[in-house]
Amino acid sequence: MMERRLFRILIVLAAVMGADGVMLAAASAHQPDATRLASASSMLLFHATAVLAAVALAERGVIHVRIGLAAAWGFVIASALFAGDLTMRQFAGHGLFPMAAPTGGTLLIVSWFALAVAAAWPKRG
C-alpha cells in the first residue's frame with residue numbers, strides 16, 4: 001500500500017532529522033557563537049517529533065490522511081530549508097540561497113495550519 005510506504009519514508013526522515021538535531025546541538029555546545037546551530041537543532045528536533053505525530057495520527061485515521069501527510073512532508077522540507085540555511089551560514093559563511101530560512105519558517109507555519117485542517121476535516125467513511 002502506498003500510504004504505508006510514505007509512512008515509513010517519513011519515519012526514516014524524522015529519525016534522520018532527530019539525529020541531525022542532536023549533532024547540531026552538540027556542535028553548538030562546543031563552538032563559540034553558535035546560536036545559529038542551536039536554532040537549527042531545535043527546529044529539527046521539534047519537527048522530527050511533529051512528523052512522527054502526524055504519521056501516527058494519519059495511520060490511525062484520527063486526521064485526514066492526505067492533508068496530514070502533506071503537513072508531515074511540509075515539516076520535513078521546511079525544517080531542512082531552515083536548518084540547512086543556518087548550518088551553511090555557520091560553517092560556510094553563506095546560506096543555501098536567498099530567503100531559504102524565511103521560506104522554511106513560512107512553510108513550517110503553513111504545515112502547522114495544514115495539520116490543524118487535517119484534524120478538523122471529517123474522517124472519510
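Up top is the structure these notes are about.
To keep things clear, this report deals only with the structure shown in the data block.

The rules we used
- Residues numbered from 1 in each chain as written.
- Predicted model: local features only at pLDDT ≥ 70, side-chain atom pairs only at ≥ 80, totals over all residues.
- Heavy atoms only, no water.
- Patch = residues over 30% accessible without salt bridge, like charges linked within 9 Å, V, L, I, M, F, W, Y side chains within 5 Å.
- Areas by Shrake-Rupley, 256 points an atom, 1.4 Å probe, with all protein chains shown as cover.
- Salt bridge = Lys/Arg side-chain N within 4 Å of Asp/Glu carboxyl O.
- Helix = DSSP H or I, 4+ residues; strand = E, 2+ residues; numbered from the N terminus.
- Core = buried A, V, L, I, M, F, W, Y, C linked by side-chain atoms within 4.5 Å.
- Buried < 20%, exposed > 50% of the residue type's maximum accessible area, 1.4 Å probe, protein only.
- Phe/Tyr/Trp six-rings, centres within 6.5 Å; stacked < 30°, edge-to-face > 60°.
- Axes fitted to C-alpha atoms, helices over the stretch in contact; angles between N-to-C directions.
- Parallel < 35°, antiparallel > 145°, perpendicular 65-115°, else oblique.
- Left-handed = near helix turned anticlockwise from the far one by under 90°.
- Contact = heavy atoms within 4.5 Å.
- Nonpolar A, V, L, I, M, F, W, Y, C, P; charged D, E, K, R; others polar.
- Expected span 1.5 Å × (residues − 1).
- Arc of directions from axis to C-beta.

## Some details on a nonpolar patch on the surface
Together, V22, L45 and F46 give the surface a local cluster of nonpolar side chains, amounting to about 280 Å² of exposed area. Tracing the backbone through its elements, the reader meets V22 in helix α1 (residues 2–30).

## Structural notes on the nonpolar core
A general tendency of soluble globular proteins is for nonpolar side chains to be buried together. Of all hydrophobic cores here, the largest spans 31 residues; its most connected members are F7, L10, M17, V51, F75 and L115. Contributing elements (two or more residues each) for this core: α1, α2 (35–59), α3 (65–92) and α4 (100–120).

## Some details on the packing of aromatic side chains
What the rule picks out here adds up to 1 aromatic pair. Ring centres of F75 and W112 lie 4.8 Å apart, and the angle between their planes is 55 degrees; this geometry places the pair in the tilted category. You can see F75 sitting in helix α3 and its partner W112 sitting in helix α4, a full 37 residues away along the chain.

## A closer look at the packing of α1 against α3
Interaxial distance between α1 and α3 falls to 11 Å at its minimum, and their mutual angle equals 25 degrees. The angle between α1 and α3 places the two elements in the roughly parallel class. When the axes of α1 and α3 are compared, the crossing they make is left-handed. Between α1, through E3, L6, F7, I9, L10, L13, M17 and L24, and α3, the contact on the second element is made entirely by V65, L69, A72, W73, F75, V76, S79 and T87. Partitioned by chemical class, the residues of the contact of α1 with α3 number 13 nonpolar, 2 polar and 1 charged.

## Concerning α4
Along its 21 residues, α4 runs 30 Å from first to last C-alpha, staying within 8% of the 30 Å computed at 1.5 Å per residue. Taken together, the buried positions of α4 are occupied by A100, A101, G104, G105, L108, S111, L115 and A118. Taken end-on, α4 shows its buried residues confined to a sector of 135 degrees, consistent with a single buried face. Exposed side chains of α4 directed beyond 90 degrees from the buried face belong to F113 and A120. Packing partners of the buried residues in α4 comprise α2 and α3.

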